[in-house]
Amino acid sequence: QVQPVESGGGLVQAGGSLRLSCSASGRTFTDYAMAWFRRTPGKDREFVAAIDQNSRTTSYAESVKGRFIIARHNSKNTLYLQMSNLKPEDTAVYYCARSRHGSMIPSRRGSDFDSWGQGTQVTVSW
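Residues numbered from 1 in each chain as written. Predicted model: local features only at pLDDT ≥ 70, side-chain atom pairs only at ≥ 80, totals over all residues. Heavy atoms only, no water.

Participant: So what exactly am I meant to see when it comes to the sheet that holds strand β3 (residues 18–23) here?
Facilitator: As a general point, the strands of a sheet are linked pairwise by backbone hydrogen bonds and lie either parallel or antiparallel. Spatially, β1-β3-β8-β7 is the arrangement adopted by the four strands of the open sheet, whose pairing is antiparallel. Edge positions in the sheet fall to β1 (5–7) and β7 (68–73), since each of these pairs with one other strand and no more. Neighbour-to-neighbour, the strand axes of this sheet turn through a mean angle of 15°, independent of strand direction. Where β7 and strand β8 (residues 78–83) come together, six bridges link them in antiparallel fashion. Bridged to R72 within β8 is L79. (Pairing = 2+ DSSP bridges. Helix = DSSP H or I, 4+ residues; strand = E, 2+ residues; numbered from the N terminus. Axes fitted to C-alpha atoms, helices over the stretch in contact; angles between N-to-C directions.)

Participant: What am I meant to see in the pattern of salt bridges here?
Facilitator: Pairing between side chains of opposite charge can happen when the charged atoms of each approach one another. Per the stated rule, a full pass over the model turns up six salt bridges. One salt bridge connects R38 with E46, and the closest N-O pair in it is separated by 2.8 Å. By relative accessible area, R38 is classed as buried at 5%. Across the pair E62 and K65 runs a salt bridge, and its minimum N-O distance is 2.7 Å. On the basis of relative accessible area, E62 is assigned to the exposed category, the value being 61%. Take K65: its relative accessible area is 45%, and that puts it in the partly exposed class. (Salt bridge = Lys/Arg side-chain N within 4 Å of Asp/Glu carboxyl O. Buried < 20%, exposed > 50% of the residue type's maximum accessible area, 1.4 Å probe, protein only.)

Participant: So what exactly am I meant to see when it comes to the side chain of D52 here?
Facilitator: Mapped onto the elements of the fold, D52 is located in the loop between β5 (46–51) and β6 (58–60). Within the buried set, D52 has no salt-bridge partner at all; the shortest N-O distance to an opposite charge, 5.9 Å, is to R56. A polar atom in the side chain of D52 sits 2.8 Å from the backbone nitrogen of R56. Setting aside anything within four residues of it in sequence, one finds D52 in contact with A33, T57, R72, S103, M104 and I105. (Lys, Arg positive; Asp, Glu negative; His and termini not counted. Polar contact = N/O pair within 3.5 Å; in protein donor to acceptor, adjacent residues only side chain to side chain. Contact = heavy atoms within 4.5 Å.)

Participant: Can you walk me through the packing of aromatic side chains in this structure?
Facilitator: How two aromatic rings sit relative to each other is given by the distance of their centres and the angle of their planes. Under the criterion given, the structure shown has three aromatic pairs. Each ring, one from F37 and one from F113, has its centre 5.3 Å from the other, and the planes form 70°; the classification is edge-to-face. Note that F37 is positioned in strand β4 (residues 34–39) and F113 in strand β10 (residues 113–114), a separation of 76 residues in sequence. Comparing F37 with F113 shows no difference in burial state: the two are buried. (Phe/Tyr/Trp six-rings, centres within 6.5 Å; stacked < 30°, edge-to-face > 60°.)

Laid out in structure tokens, this is it:
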């Protein structure tokens, strides 16, 4: 099982934008719902957004709704997270993950996802 690879993180000022990407191989990606989570030191892993296999359904944490957009390009085996109007509290390591349960979004629990990537650091400064 090949781990996804996240990229696109960096340092940005508050109010700025970043686009994260997550590349995964073949059926690791295309047959499954996918999600983004984030983790800040000292805090539990936090759900950010999820998308079903065919991009018909998305789900967002309240803290990012209206600012972040999750999308996927199945033919490129790539998941995206477009982040706008970033806030310092968005600072975290962002991870993509694959649903354990198939094509539909299973829940917002990390335990329902696997194939975690190594993460990409996003830092938002004032």
